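A closer look at the structure
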There are 2 protein chains.
Amino acid sequence: MPANARRIPRPTAQRLSLYLRELPPLIAQGQTTIRSQVLGEKLGVTSAQVRKDLAWVAQSRQTGEVGRSGVGYNCLKLYEAIRRVVGTNRRWSIALVGVGNIGRALLGYGGFEQGGFPITVIFDSDDRMVGKRIGGRVVAPMSALRRMIRSRHIAIAIIAVPRSAAQTVANQLCDAEIKGILNFAPTRVSVAKGVSVTNIDMTVAFEQLSMDISIQESIAAEEDGA
Amino acid sequence: MPANARRIPRPTAQRLSLYLRELPPLIAQGQTTIRSQVLGEKLGVTSAQVRKDLAWVAQSRQTGEVGRSGVGYNCLKLYEAIRRVVGTNRRWSIALVGVGNIGRALLGYGGFEQGGFPITVIFDSDDRMVGKRIGGRVVAPMSALRRMIRSRHIAIAIIAVPRSAAQTVANQLCDAEIKGILNFAPTRVSVAKGVSVTNIDMTVAFEQLSMDISIQESIAAEEDGA
């Protein structure tokens, strides 16, 4: 992978996930190639943007050629190439810290297992929870976190604890040499260099909706007044 | 608001939420202006991108001038202008459908109230849940959904029901003239024209982390090999 792969733009990275969603149904239907324009229409972006996005995929030395001018992309090759870049060609065991409402919701969610991200170990600081079985997994104590994450080579952890405990948990995860953290606590956490953090800020999702609605209303008001 | 406000690019729309996070601490510290470059550094984007993003805000007839070349943006004016575009200058009451684990996690989350998005009415199809008090709100039956949403002028609803029930609930919400839906069910829902839907796909968040980690590992392997 060339050095500049590290600078893959975030919007492109996010769209790679969306391309991954579109391709399997086409492959299942026996479609062999797809043009950038058709793929763009599915995602609501221009064909030029699709070609730019997929140039990042093709640039990776691991992936080889995925598309040819005038022919379109080979669906299967493109799918496998994106999977290698995104890392979903392998299975990522996930550690969950905190089995309150958010933790239980995630355990009950079901979509992670089939997406290649099974939650395999769960932790809680509450002694009354430790040893209990939730969603088929036994709650381990925080004292076992470092050992279990290291011995099982777990790279990704979910923080699903209250705001006040989030930084302490982040420190413990960094100490256990975690590589990535999905943080559901409504606060930012500081991590060791090289650790990736994705903060799930639900308020942002509401803001996107309120923006859409506000704009729609303005347009409607303008049309009424015109 | 000009007609092209409806075409605000999605990445810009998402960054508007981030600008909203950065400005209040500065205003609280008494800072009056901020340059695009400083704002860009906080968000990890170029100053040119910041100026482009904020041009969308300034374009809105409602907002007036927010920045002047060489002086920077007036923090307070910019904050208020973005709030008007995003719609967080008003309070949005939220309806929650489904009080299972995800619903309870959202009720317990706490961040929505202060973000201007309080969950004010909650519904469930399970007769055993109806009438129960959860997080200070009483669970209403689905039969009351249309009436309550319309009489309270609720614009945004959360779908937090199992996959199998999601489309039925979406239909009921559209029938109640909802304007926006935040969908936590792991499936896409079809809605009436003009209704905005944001799907919360947790697997995408994991994929972003696995991509970051895969790229880091490739770089490390390359450096080892060099």
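Predicted, not measured: the structure shown is a model, and the values here were computed from it.

**As for the overall build of chain A**
Across its full length, chain A carries nine helices and ten strands. Looking at the 226 residues of chain A, the share that counts as buried comes to 39%. Intrachain contacts of chain A at a sequence separation of at least 6 include 53% that bridge at least 24 residues.

**Brief notes about the packing of helix α1 (residues 10–28) of chain A against helix α2 (residues 36–43) of chain A**
All names here are of chain A. With their axes 11 Å apart at the nearest point, α1 and α2 run at an angle of 105° to one another. Here α1 is positioned roughly perpendicular relative to α2, judged by the angle of their axes. Contacts from Arg15, Leu18, Tyr19 and Glu22 of α1 reach α2 at Leu39, Lys42 and Leu43. The residue inventory of the contact of α1 with α2, partitioned by class, reads four nonpolar, no polar and three charged.

**Focus: the sheet that holds strand β10 (residues 196–199) of chain A**
Residues and elements named next belong to chain A. A sheet is described by the order of its strands in space; here seven strands give the open sequence β6-β7-β5-β4-β8-β9-β10, paired in mixed fashion. In this open sheet, the two strands that pair with only one neighbour each are β6 (133–134) and β10. In the sheet, strand β9 (residues 180–183) pairs with β10 via four bridges, with the strands oriented parallel. Opposite Gly180, over in β10, you have Ser196 as the bridge partner. This element, helix α8 (residues 163–175), spans β4 (94–97), β8 (156–159) and β9 of the sheet and lies at about 170° to β8.

**Digging into the interface of chain B and chain A**
Contacts between the two partners involve 52 residues from chain B, matched on the other side by 52 residues from chain A. Mapped by element, the contributors of at least two residues to the side of chain B that touches chain A are α1 (10–28), α4 (75–86), α5 (101–109), α6 (111–115), β9 (180–183), β10 (196–199) and α9 (202–225) of chain B. It is α9 of chain B that contributes the most residues to the side of chain B that touches chain A, 18 residues altogether. Of the residues belonging to the side of chain B that touches chain A, the class tally is 27 nonpolar, 19 polar and six charged.

**Let's talk about helix α8 (residues 163–175) of chain B**
Residues and elements named next belong to chain B. Within α8 the residues assigned to the buried category are Ala166, Val169, Ala170 and Leu173. Along the axis of α8, the buried positions cluster into a sector of 110°, meaning they face one direction only. The secondary structure elements touched by the buried residues of α8 are β4 (94–97), β8 (156–159) and β9. Downstream of α8 by a residue or two, Glu177 has a phi angle that is positive, lying close to 65°.

**Considering the relation of the copies chain B and chain A**
The two copies are related by a screw motion: chain B maps onto chain A through a turn of 180° and a shift of 0.0 Å along the axis, at an RMSD of 0.0 Å. One copy is carried onto the other by what is essentially a two-fold rotation axis. For chain B, the residue whose C-alpha comes nearest the rotation axis is Asn101 of chain B, separated from it by 3.0 Å. Comparing interface residues between copies, 100% of those in chain B also lie at the interface in chain A; the contact surface is shared.

**A look at the packing of α2 of chain A against helix α3 (residues 47–59) of chain A**
All names here are of chain A. Running from N to C, α2 and α3 cross one another at 100°; their axes reach a closest spacing of 8 Å. One way to sum up the angle between α2 and α3 is to call them roughly perpendicular. The residues of α3 that touch α2, namely those facing Ser36, Gln37, Leu39 and Gly40, are Ser47, Gln49, Val50 and Arg51. Per-class residue counts for the contact of α2 with α3 are two nonpolar, five polar and one charged.

**Side note on the sheet that holds β9 of chain B**
Residues and elements named next belong to chain B. Strand order in the open sheet formed by seven strands is β6-β7-β5-β4-β8-β9-β10, with mixed pairing between adjacent strands. Only two strands of the sheet have a single partner each, and these edge strands are β6 (133–134) and β10. Here two bridges tie β6 to strand β7 (residues 137–141), and the two strands are oriented antiparallel to one another. Its bridge partner lying in β7, Arg133 is registered against Val138. Lying over the sheet, α8 contacts β4, β8 and β9, oriented at roughly 165° with respect to β8.

**What about the confidence of the model for chain A?**
The predicted model of chain A has a mean per-residue pLDDT of 86, with 90% of residues at 70 or higher. Of the two predicted TM-score estimates for the complex, the pTM is 0.68 and the ipTM is 0.76.

**Digging into the nonpolar core**
By size, the foremost hydrophobic cluster in this structure holds 84 residues, and its most contacted members are Ala157 and Ile159 of chain A together with Ala157 and Ile159 of chain B. Once you skip the residues sitting within four places of it in the chain, Ile159 of chain B turns out to touch Val97, Gly98, Ala166, Val169, Ala170, Ile181, Asn183, Phe184, Ala185 and Val189 of chain B.

**Some remarks on the pairing of β8 of chain B**
Residues and elements named next belong to chain B. By the alternation rule, side chains of β8 split into Ile156 and Ile158 and Ala157 and Ile159, which are all buried. With four bridges connecting them, β4 and β8 associate as parallel partners. By the bridge assignment for β8, Ile94 is matched with Ile156.

**Notes on the environment of Ile156 of chain A**
All names here are of chain A. Positionally, Ile156 belongs in strand β8. Using a count of 24 C-beta atoms within 10 Å as the deciding quantity, one classes Ile156 as buried. Spatially, the C-alpha atom of Ile156 lies 9.1 Å from that of Phe117, the residues being 39 residues apart in sequence.

**Description of the environment of Pro9 of chain B**
Residues and elements named next belong to chain B. Note that Pro9 resides in the segment before α1. On the basis of neighbour counts, which here come to 12 C-beta atoms within 10 Å, the residue Pro9 falls in the exposed class. Along the sequence, Pro9 and Asp53 sit 44 residues apart, while their C-alpha atoms lie 8.9 Å from each other.

**Considerations on the environment of Thr32 of chain A**
Residue placement: Thr32 of chain A occurs in the loop between α1 and β1 (33–34). By C-beta crowding, Thr32 of chain A is classed as partly exposed, having 13 other C-beta atoms within 10 Å.

Calculation notes
- Residues numbered from 1 in each chain as written.
- Chains lettered and ligands numbered in written order.
- Predicted model: local features only at pLDDT ≥ 70, side-chain atom pairs only at ≥ 80, totals over all residues.
- Helix = DSSP H or I, 4+ residues; strand = E, 2+ residues; numbered from the N terminus.
- Buried ≥ 20, exposed ≤ 12 C-beta atoms within 10 Å, placed from the backbone.
- Contact = placed C-beta atoms within 7 Å.
- Axes fitted to C-alpha atoms, helices over the stretch in contact; angles between N-to-C directions.
- Parallel < 35°, antiparallel > 145°, perpendicular 65-115°, else oblique.
- Nonpolar A, V, L, I, M, F, W, Y, C, P; charged D, E, K, R; others polar.
- Pairing = 2+ DSSP bridges.
- Arc of directions from axis to C-beta.
- Least-squares fit on C-alpha atoms with pLDDT ≥ 70 in both.
- pLDDT = per-residue confidence, 0-100.
- Core = buried A, V, L, I, M, F, W, Y, C linked by C-beta atoms within 7 Å.

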